[in-house]
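Residue-level listing of the chains:
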Amino acid sequence: LTDGATRLLEDFLGWWWVWVPLSALVGIAVTVVLAHWIIGVVLSRLQLGSDWDPLRPALAQTAGAPDPLPTHLRAVRFRYPGAAQDALAGIDLDIDEGEFVVVAGPNGSGKSTLALVLSGAEPTCGTVSRPGPVGLGRAGGVALLAQRSELQMLGDTVAEDVVWGMGATERATVDVGGLLDLVGLAGKGATPTRELSGGQLQRLALAGVLARRPRLIVSDESTAMVDAEGRRDLVGLLASLPARGTSVVHITHDPTEARQADRL
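Keep in mind the model is a prediction, meaning the values are calculated, not measured.

J.: I tried to follow helix H8 (residues 198–211) on my own but got confused; where do I start?
T.: The end-to-end C-alpha distance of H8, which contains 14 residues, comes to 20 Å, matching closely the 20 Å that a straight helix rising 1.5 Å per residue would cover. Counting buried positions along H8 gives 12 out of 14 residues, so the element sits mostly inside the fold. Three or more residues of H8 are buried, namely Gly199, Leu201, Gln202, Arg203, Leu204, Ala205, Leu206, Ala207, Gly208, Val209, Leu210 and Ala211. Lining the buried residues of H8 we find strand E5 (142–145), helix H5 (158–162), helix H7 (176–183), strand E6 (216–220) and helix H9 (228–240). Of the residues flanking the end of H8, it is Arg213, one or two places downstream, whose phi is positive at about 50°.

J.: Sorry, what's going on with the layout of surface pockets here?
T.: Unfilled space is identified by rolling a water-sized probe across the atoms. Considered as a void within the structure, the second largest pocket measures approximately 460 Å³ in volume. Residue lining of the second largest pocket: 21 residues in total, with Leu144, Gln152, Gly208, Val209 and Arg212 positioned closest to the centre. Every element with two or more residues in the lining of the second largest pocket is listed here: E5, H5 and H8. With four residues, the single largest contributor to the lining of the second largest pocket is H8.

J.: Would you explain the environment of Gly120 in this entry?
T.: Structurally, Gly120 is set in the loop between helix H4 (111–118) and strand E4 (125–129). Residue classification places Gly120 among the buried positions, given a relative accessible area of 10%. In the structure, Gly120 is positioned 66 residues away from Pro54 in sequence and 8.1 Å away in space, judged by C-alpha atoms. Aside from chain neighbours lying at most four places away, what touches Gly120 is Leu55, Ala58, Arg130 and Val134.

J.: What am I meant to see in the sheet that holds strand E1 (residues 71–78) here?
T.: Strand pairing in a sheet relies on backbone hydrogen bonds, with the paired strands running either antiparallel or parallel. Spatially, E2-E1-E4 is the arrangement adopted by the three strands of the open sheet, whose pairing is antiparallel. Of all the strands in the sheet, the pair left with one neighbour each is strand E2 (88–95) and E4. The average undirected angle you get between the axes of adjacent strands in this sheet is 15°. Pairing between E1 and E4: four bridges, direction antiparallel. Bridge assignment links Arg77 to a residue of E4, and that residue is Cys125.

J.: Sorry if this is basic, but what is going on with the packing of aromatic side chains here?
T.: Two aromatic rings are characterised by how far apart their centres lie and by the angle between their planes. Counted according to the given criterion, the structure contains three aromatic pairs. Both rings, one in Trp15 and one in Trp17, keep their centres 5.4 Å apart while their planes meet at 25°; by these two values the pair is stacked. Aromatic side chains Trp52 and Tyr80 sit 5.8 Å apart centroid to centroid with 80° between the ring planes, which places their arrangement in the edge-to-face category. You can see Trp52 sitting in the loop between helix H2 (16–46) and helix H3 (56–60) and its partner Tyr80 sitting in the loop between E1 and E2, a full 28 residues away along the chain. Assessed through its relative accessible area of 35%, Trp52 is described here as partly exposed. The class for Tyr80 is partly exposed, based on a relative accessible area of 26%. Taken together through their ring pairs, the aromatic side chains of Trp52, Phe78 and Tyr80 make up a single cluster.

J.: Honestly, the sheet that holds E6 in this entry has me stumped. Any pointers?
T.: Spatial ordering of the open sheet is given by E3-E7-E6-E5, a layout of four strands whose pairing is parallel. Where the open sheet ends on each side, the last strands, each with one partner, are strand E3 (100–104) and E5. Within this sheet the neighbouring strands show an average axis-to-axis angle of 15°, counted without direction. Sheet analysis places E6 next to strand E7 (residues 247–252), joined by five bridges and oriented parallel. Note on E7: the bridge partner recorded for Ser219 is His250.

J.: In this structure, what is going on with unusual backbone geometry? I would like to understand it.
T.: Among all residues save glycine, negative phi is the norm, and among peptide bonds the norm is trans. Across the junction of Leu69 and Pro70, the peptide omega takes the value 0°, indicating a cis bond. Phi is positive for Ala75, which is not a glycine, with a value near 50°. Within the secondary structure, Ala75 is located in strand E1. With relative accessibility at 43%, the residue Ala75 sits in the partly exposed group. If you check the backbone angles, Arg213 has positive phi at about 50° while not being a glycine. Its place among the elements puts Arg213 in the loop between H8 and E6.

J.: Just checking my understanding: could you explain the environment of Gly245 for this structure?
T.: Looking at where Gly245 falls in the secondary structure, it is placed in the loop between H9 and E7. Distance in space between the C-alpha atoms of Gly245 and Ala104 is 23 Å, their sequence separation being 141 residues.

How each quantity is defined
Residues numbered from 1 in each chain as written. Predicted model: local features only at pLDDT ≥ 70, side-chain atom pairs only at ≥ 80, totals over all residues. Heavy atoms only, no water. Helix = DSSP H or I, 4+ residues; strand = E, 2+ residues; numbered from the N terminus. Expected span 1.5 Å × (residues − 1). Buried < 20%, exposed > 50% of the residue type's maximum accessible area, 1.4 Å probe, protein only. Contact = heavy atoms within 4.5 Å. 1 Å grid on protein atoms, 1.4 Å probe; cavity = no way out; pocket = protein on both sides within 12 Å on 5 of 7 lines; lining within 4 Å. Points joined across faces, edges and corners; volume = space filled by probe spheres on them. Pairing = 2+ DSSP bridges. Axes fitted to C-alpha atoms, helices over the stretch in contact; angles between N-to-C directions. Phe/Tyr/Trp six-rings, centres within 6.5 Å; stacked < 30°, edge-to-face > 60°.

This is the structure in structure tokens:
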């Protein structure tokens with residue numbers, strides 16, 4: 001047995017120039033197949049292969065003055081293209097003037113999908129009724145405040161970012177200093193956006209949203225990337241906005257953020 005094992009080892013070592021490249025090729029082939037499968041699953045979920053954007057119709061709506069409140073959802077269902085089941089089903093919800101509503105639930109429960117519907121995405125089934133156009137991103141309409149604030153920054157400085165994309169006439173009506181003071185960024189108008197912390201970036205994103213004077217803000221996990229103290233401050237700020245004429249729907253996985261809510 002020992003002699004046989006020795007001969008086998010000698011043959012194995014003697015043919016190294018065959019099995020080393022062969023095993024490398026097999027390893028590469030297995031890796032490529034596995035990577036192709038993983039990427040295929042991810043791309044199918046993200047729909048990167050198509051030009052599908054659920055909010056594109058809402059953004060293209062420019063006719064008529066925005067009038068998004070009250071918003072009524074009845075028996076709303078939403079299924080993503082290619083999905084085997086609904087992300088939302090049987091949703092009945094009313095959002096009225098002057099409300100701070102918190103939608104809380106675990107990851108994967110459909111919270112962000114609900115944010116899309118409230119922001120103007122058409123449901124697969126059911127109805128969403130409003131007095132007028134949703135006005136996504138327009139003055140007096142709906143504004144969507146997302147989780148990754150660093151992906152929303154476009155201006156070189158804080159002040160530039162607040163009014164980025166607005167026309168000269170609109171900019172002239174924005175009290176940038178007052179907004180920065182409101183969100184806790186007083187005196188930082190000239191500060192480069194790249195120097196802000198995560199919490200400060202989220203405050204800046206909120207200032208940019210408020211510059212458009214929306215009637216409804218949909219906050220989709222906007223506190224998720226912020227530390228505990230910054231999270232409390234942001235939730236408190238969102239809770240104060242209905243008194244200023246802006247309703248807020250705050251979506252979170254943390255039910256403790258509902259303490260100041262009118263409804264959970």
